[in-house]
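Tertiary structure, described
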Amino acid sequence: MKVFAHRGLSSIAPENTMAAFERAIVINVDGIETDVQLSRDGKIVICHDEKVDRTTNGRGYIKDFSWEELQAFDAGSWFSPEFAKARIPGLEDLLNLVRKTDLCLNIELKTDKFFYPQIEEKVLELLEKYDFVDRVRISSFNYESLLKVKAILPQIETAAIMKDPNLVSNFWDQISDLTVKAIHPSYQYVTTELIDEARKRGLEVNAWTPNQPEEIRHLLKIGTHGVITDFPDRAQCIVGA
């Protein structure tokens, strides 16, 4: 079972900051999961929420700020004074960091609430620039974004995110039409039956976000392909036991 650091090593450093990504590299995780949005001036911004309110000292939507304005916000003090100098990173910052490692990336396109013009093209352009196409998987709750990604760059791997597969109408038909490599359900809804059906279809199942040891052990036992967790170090110990 592969272990992905959810928004970096977010249990010991502020999520989706360079500090969290650096710490994930140190413990040699299999991959890093992160989220991207667009600034007002078209910069690919790493942040989970559409607003900066929860993870910075700023207020407002990412889409309404320029990159320069976003850089003025403190993205670390909410977590600990130790990280007061942390800033919101761009995707290019992360690619520069991981390009010299063996890590892969899972990049979630946050396009389920706002339409970000050409975010798919912009992300793929950067991945090609940094020769990262073979080490990345693009995921999203917005399946139209996944279709667009595959139309632009058919060889890139994609993954469909959902909370509960049982609530998605014609689930397996939809998944088949998307030509994804993996499905990413919430860990509470991962079952042996789901994994067996996915395997038959040549798909991986990667669960988010199991953090308790018993949750991770259960997912390992039933054959889950990967976990996206805030405690990747904890998951590594369980997988390696």
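Relevant structure appears above.
The paragraphs below set out a description of the structure included in this document. (Residues numbered from 1 in each chain as written. Predicted model: local features only at pLDDT ≥ 70, side-chain atom pairs only at ≥ 80, totals over all residues. Heavy atoms only, no water.)

Some words on the packing of helix H5 (residues 143-152) against helix H6 (residues 171-178)
- Axis separation between H5 and H6 bottoms out at 10 Å; the angle between their running directions is 30°. For the element pair H5 / H6, the angle class is roughly parallel. Here Tyr143, Leu146, Leu147 and Lys150 of H5 lie close against H6, whose contacting residues are Gln174, Asp177 and Leu178.
- Class assignment for the residues of the contact of H5 with H6 results in 4 nonpolar, 1 polar and 2 charged. (Axes fitted to C-alpha atoms, helices over the stretch in contact; angles between N-to-C directions. Helix = DSSP H or I, 4+ residues; strand = E, 2+ residues; numbered from the N terminus. Parallel < 35°, antiparallel > 145°, perpendicular 65-115°, else oblique. Contact = heavy atoms within 4.5 Å. Nonpolar A, V, L, I, M, F, W, Y, C, P; charged D, E, K, R; others polar.)

Remarks on unusual backbone geometry
- With an omega of -25°, the peptide bond between tryptophan 208 and threonine 209 qualifies as cis.
- Relative to the helices and strands, threonine 209 is located in the loop between strand E8 (204-208) and helix H8 (213-221).
- If you check the backbone angles, asparagine 28 has positive phi at about 60° while not being a glycine.
- Mapping asparagine 28 onto the fold places it in the loop between helix H1 (18-26) and strand E2 (31-38).
- Phi at glutamine 118 is positive, roughly 65°, even though this residue is not glycine.
- Inspection of the secondary structure assignment puts glutamine 118 in the loop between strand E4 (104-109) and helix H4 (119-129).
- Judged by its relative accessible area of 47%, glutamine 118 is partly exposed. (Buried < 20%, exposed > 50% of the residue type's maximum accessible area, 1.4 Å probe, protein only.)

Some details on the pattern of salt bridges
- Under the defined criterion, the tally for this structure stands at 14 salt bridges.
- With a shortest N-O distance of 3.8 Å, arginine 23 and glutamate 82 are connected by a salt bridge. Placement of arginine 23 in helix H1 and of glutamate 82 in the loop between helix H2 (67-70) and helix H3 (91-98) is noted, with a sequence separation of 59 residues between them.
- For glutamate 82, a relative accessible area of 58% gives the class exposed.
- Here aspartate 64 ties to lysine 63 by a salt bridge, and the two come within 3.2 Å at their closest N and O atoms. (Salt bridge = Lys/Arg side-chain N within 4 Å of Asp/Glu carboxyl O.)

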